[in-house]
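Residue-level structure breakdown
Each chain, letter by letter, is given below.
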Amino acid sequence: MSARPDEALVEPTASDPVPDLLERTLGLYYLSPSFYVAELCKFVVGTDPWAWAAQYCGGDWESVLRTSDGVSKLAAFHRGYATAVGEVHGAVAPWEGSAGRAAGLRLADLHSALDEQAHAVQGISGQLEQIALAMYELNQTFAEILSAITDAGIRVLVRLASTSVAAATGVGALGSAVIAASSLVDLAIISDLWKTAIDVHTKVWTTVQGLMGVLAGNLAKIENIEIPRLLTV
Amino acid sequence: MDEPEIVVDVARGDAALSREILASLRSIADAGGDPAFAKLVERVVSGELGVRELAGTEAFSSMLDRLVAPVLEALRETTYEDLVERQPDPEV
């Protein structure tokens, strides 16, 4: 007799090295950039990149990964169950007569239903894992981009302050032309980095939506699989 | 200069950019206004403090309140696209 199927049902864990969430990757410093860096970004790209990232990239992807592992264990349970049923089926194979045939058919049905269930459940685990990893990579990319934007923002702010100090006549007389001249390159860097961030997000999100479609298909499959009940004795 | 040149963190390895940022920070500090900020800039110049850390200090924030807030306020009257259009191509 093989191992008990329910031995597969152990506490799930996050399979890969625990993915850092946006906060952890970014660190406190990058997560709460100076108010002025955010204001500057709003001027250049029309949005606060940190607020945007928190809304569209944030999430507990580690727990999705852990769920994937839990679902995978559920699939292992179904495989183990199918194997055990297969073994019982082997044991009753020599039985003859209608009772023997009925038992054989019933066990064969059960075995194939469990097998099918195991496949669909394993698929769901895979899709959950891919979604979590895609979002994790998205978070990494955003962390890098946001840190580069922060650095460019700080450079612009330092330059603006220095230009402002140098203008004996005061800020009012400076106008936006001087400001633009001193920092146009860095402002363009912020603008380009944010465009890249949005592009990456769109790409990853398209992938994730595709995965969710496959996952939904597997869920529907599970719902339609009928596992024959074993008769109680 | 005998001492090896420091490249500030926010310059990301670009020595020329780093020199420019340090010169800007020095000019802000030299203009007076806040001795605490000037002290922090000294530590940045000596390589003891990163500009990212400096940017997180109260002194940096109040310096921005004084010098940059009015600039950003003035920027509200225009858009980034307008600024770019009115400038010659920076690459040329």
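Coordinates for the structure precede this section.
Residues numbered from 1 in each chain as written. Chains lettered and ligands numbered in written order. Predicted model: local features only at pLDDT ≥ 70, side-chain atom pairs only at ≥ 80, totals over all residues.

**What about the overall build of chain A?**
Filter applied, for reference: Secondary structure is summarised from DSSP: a helix means a run of H or I of at least four residues, a strand means a run of E of at least two, and numbering begins at the N terminus for each. Buried means a residue has 20 or more other C-beta atoms within 10 Å of its own C-beta, exposed means 12 or fewer, and partly exposed covers the counts in between; C-beta atoms are placed from the backbone. Once C-beta atoms have been placed from the backbone, residue pairs whose C-beta atoms lie within 7 Å are recorded as contacts.
Looking only at helices and strands, chain A features six helices and zero strands. Reading chain A from its N terminus to its C terminus gives the helix and strand order α-α-α-α-α-α. Per-residue burial for chain A yields a buried fraction of 33% across its 233 residues. Sequence separation of at least 24 residues holds for 85% of the intrachain contacts in chain A that already meet a minimum separation of 6.

**Considerations on the overall build of chain B**
The cut-off we apply is this: Throughout, radius of gyration means the C-alpha value; the globule benchmark is 2.2 Å times the number of residues raised to the power 0.38.
Within chain B, the regular secondary structure consists of six helices and zero strands. Scanning chain B from its N terminus toward the C terminus, one meets helices and strands in the order α-α-α-α-α-α. Its C-alpha radius of gyration of 16 Å places chain B more than 25% over the 12 Å reference for a compact globule of 92 residues. When its C-alpha atoms are laid out on the principal axes, chain B stretches across 45 × 30 × 20 Å. Split into buried and exposed, the 92 residues of chain B put 26% on the buried side. If you take every contact in chain B between residues at least 6 apart in sequence, the share linking residues at least 24 apart comes to 35%.

**Concerning the environment of glutamate 53 of chain B**
Structurally, glutamate 53 of chain B can be placed in helix H3 (residues 51–55). Considering only alpha carbons, one finds glutamate 53 of chain B and leucine 40 of chain B, 13 residues apart in sequence, at a separation of 9.8 Å.

**Some words on the nonpolar core**
Stated precisely, the cut-off is as follows: The nonpolar core is taken to be a set of buried Ala, Val, Leu, Ile, Met, Phe, Trp, Tyr and Cys residues joined by way of C-beta atoms within 7 Å.
One finds Leu157, Ala161 and Ile190 of chain A together with Leu25, Val51, Leu64 and Val68 of chain B to be the most contacted residues of the largest nonpolar core, which totals 69 residues. At 25 residues, helix H5 (residues 97–166) of chain A tops the list of elements feeding residues into this core. Those residues within four positions of leucine 157 of chain A in sequence are excluded, and the remaining contacts are Tyr36, Val37 and Leu40 of chain A together with Leu64 and Val68 of chain B.

**Some words on helix H4 (residues 61–92) of chain A**
Residue and element names in this part refer to chain A. Our working definition: Between the first and last residue of a helix there are one fewer steps than residues, each counted as 1.5 Å, and that sum is the expected span.
Between the first and last C-alpha of H4 there are 47 Å, a value that for 32 residues agrees with the 46 Å anticipated at 1.5 Å per step. Along H4, the residues that are buried comprise Trp61, Leu65, Ser68, Val71, Ser72, Ala75, Phe77, His78, Gly80, Tyr81, Ala82 and Val85. Against H5 lie the buried residues of H4.

**Some details on the interface of chain A and chain B**
Where interface size is quoted, it is often the accessible area lost as the parts come together. Heads up, the rule is: Under this grouping Gly is polar, as are all residues other than the nonpolar Ala, Val, Leu, Ile, Met, Phe, Trp, Tyr, Cys and Pro and the charged Asp, Glu, Lys and Arg.
Contacts between the two partners involve 27 residues from chain A, matched on the other side by 28 residues from chain B. Those elements that place two or more of their residues in the side of chain A that touches chain B are helix H2 (35–45), H5 and helix H6 (171–224) of chain A. The element contributing the most residues to the side of chain A that touches chain B is H5 of chain A, with 12 residues. Classifying every residue of the side of chain A that touches chain B by side-chain character gives 19 nonpolar, four polar and four charged.

**Things to note about unusual backbone geometry**
All names here are of chain B. Although it is not a glycine, arginine 12 adopts a positive phi angle of roughly 50 degrees. Counting through the fold element by element, arginine 12 comes out in the segment before helix H1 (15–30). For arginine 12, a count of 14 C-beta atoms within 10 Å corresponds to the partly exposed category.

**Describing the packing of helix H2 (residues 35–45) of chain B against helix H4 (residues 58–67) of chain B**
Residue and element names in this part refer to chain B. How we decide: Helix axes use the C-alpha atoms of the stretch in contact, all axes being lines fitted to C-alpha atoms, and the angles between their N-to-C directions lie in the range 0 to 180 degrees. For this classification, under 35 degrees means roughly parallel, over 145 means roughly antiparallel, 65 to 115 means roughly perpendicular, and everything else is oblique. Take the far helix as your reference; a near helix turned counterclockwise from it by less than a right angle gives a left-handed crossing, and one turned clockwise gives a right-handed crossing.
Where H2 meets H4, the closest approach of the two axes is 9 Å, and the angle between their N-to-C directions is 120 degrees. By the angle between their directions, the pair H2 and H4 is classed as oblique. For the pair H2 and H4, the crossing hand works out as left-handed. Residues Ala36, Phe37 and Leu40 of H2 form the contact with H4, whose participating residues are Ala59, Phe60 and Met63.

**Looking at the packing of H5 of chain A against H1 of chain B**
It is at 9 Å that the axes of H5 of chain A and H1 of chain B come closest, and there the two elements cross at 45 degrees. Comparing the axis directions of H5 of chain A and H1 of chain B gives the class oblique. As for the relative orientation of H5 of chain A and H1 of chain B, their crossing is left-handed in sense. For the pair formed by H5 of chain A and H1 of chain B, the contact residues are Arg155, Val158, Arg159, Ala161, Ser162, Val165 and Ala166 of chain A on the first element and Ile21, Ser24, Leu25, Ser27 and Ile28 of chain B on the second. A per-class count over the contact of H5 of chain A with H1 of chain B returns seven nonpolar, three polar and two charged.

**Here we look at the environment of serine 34 of chain A**
Within the secondary structure, serine 34 of chain A sits in the loop between helix H1 (22–31) and H2. It is 36 Å that separates the C-alpha atoms of serine 34 of chain A and leucine 128 of chain A, two residues lying 94 residues apart in sequence. Contact partners of serine 34 of chain A, with chain neighbours within four places excluded, come to Ala55 and Ser61 of chain B.

**Digging into helix H3 (residues 49–56) of chain A**
All names here are of chain A. Cut-off, in case you're wondering: Arc definition: directions from the helix axis to the C-beta atoms.
Residues of H3 that are buried: Pro49, Trp50 and Ala53. The buried residues of H3 all sit within an arc of 100 degrees when viewed along its axis, so they share a single face. Across from the buried face of H3, at angles greater than 90 degrees, the exposed residues are Ala51 and Gln55.

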